[in-house]
Amino acid sequence: MSYTQPSDKIINEWEKYQKRYGWEDATKRIKNMNIVDVCKKFWNIEENSPGAVLLDVGCNDGYITRQISEHCAKCIGVEPFVKLKDTKKDEDIKWFRGTFNDYVKYTNTRFDIILSLAVSIQLRDFGGLTEDEIAQAYWNLLAPGG
């Protein structure tokens, strides 16, 4: 797999994408996809706390990651281009500023939930991954039962 740097024009469009639709659109997308209900399946009953470990691939500026984090024990957003908000105070959110290809090499974390919202084409076109390789990488990152 070989990585190809997107043009500045494409990166600029990605940087504007989330801001164009806004925080409320992220809220609607979370609701429409029932992401909170999926997170609740991993609730830690003994500790009465969120239990899901979530990966958001191509998280853009993290609107969805930040909103869903209250329903998860841990969220990781992977984003190579859009500048992510500093959340050093949020113990349950971590940002990986780099490509998915790099993250796969870096992590040993297994996830209960993987979000890949409109990003597979970029993993193919710029990450050099086939659809089968993307699916295999996601499968390898899933925890049992995820």
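Look up: the structure comes first, before these words.
Note that the structure is predicted; figures quoted are calculated from it, not measured.

As a further point, take the environment of Leu142. By the element assignment, Leu142 lies in the segment after α6 (131–141). Under the relative-accessibility criterion, Leu142 is labelled partly exposed at 24%. Separated by 87 residues in the primary sequence, Leu142 and Leu55 have C-alpha atoms spaced 9.5 Å apart. Ignoring anything within four residues of it in the chain, the contact list for Leu142 reads Arg110, Phe111, Asp112 and Ile114.

Under the criterion given, the structure shown has six aromatic pairs. Judged by centre distance (5.1 Å) and plane angle (35°), the ring pair of Phe96 and Tyr106 falls under tilted. With Phe96 in strand β3 (residues 93–96) and Tyr106 in helix α4 (residues 100–106), this pair connects stretches of sequence that are ten residues apart. Assessed through its relative accessible area of 60%, Tyr106 is described here as exposed.

The next thing to look at is the environment of Leu117. Take Leu117: it is sitting in the loop between β4 (113–116) and α5 (120–125). Along the primary structure Leu117 and Gly58 are separated by 59 residues, whereas in three dimensions their C-alpha atoms are 7.4 Å apart. Leaving out residues up to four positions away in the same chain, Leu117 has contacts with Arg29, Met33, Val57 and Ile64.

All told, the structure shown has two salt bridges when counted by the stated rule. Of the charged contacts in the structure, one is a salt bridge between Asp125 and Arg124, with a shortest N-O distance of 2.7 Å. A relative accessible area of 33% means that Arg124 is categorised as partly exposed.

One finds Leu55, Val57, Phe100, Tyr103, Phe111, Leu123 and Tyr138 to be the most contacted residues of the largest nonpolar core, which totals 16 residues. Contributing elements (two or more residues each) for this core: β1 (53–57), β2 (74–78), α4 and α6. In contact with Tyr103, other than residues within four places in its own chain, are Leu55, Ile76, Val78, Phe96, Thr109 and Phe111. Counting residues in hydrophobic clusters, the runner-up holds 13 residues, among them Ile35, Cys39, Cys72 and Ile113.

What counts and how
- Residues numbered from 1 in each chain as written.
- Predicted model: local features only at pLDDT ≥ 70, side-chain atom pairs only at ≥ 80, totals over all residues.
- Heavy atoms only, no water.
- Helix = DSSP H or I, 4+ residues; strand = E, 2+ residues; numbered from the N terminus.
- Buried < 20%, exposed > 50% of the residue type's maximum accessible area, 1.4 Å probe, protein only.
- Contact = heavy atoms within 4.5 Å.
- Phe/Tyr/Trp six-rings, centres within 6.5 Å; stacked < 30°, edge-to-face > 60°.
- Salt bridge = Lys/Arg side-chain N within 4 Å of Asp/Glu carboxyl O.
- Core = buried A, V, L, I, M, F, W, Y, C linked by side-chain atoms within 4.5 Å.

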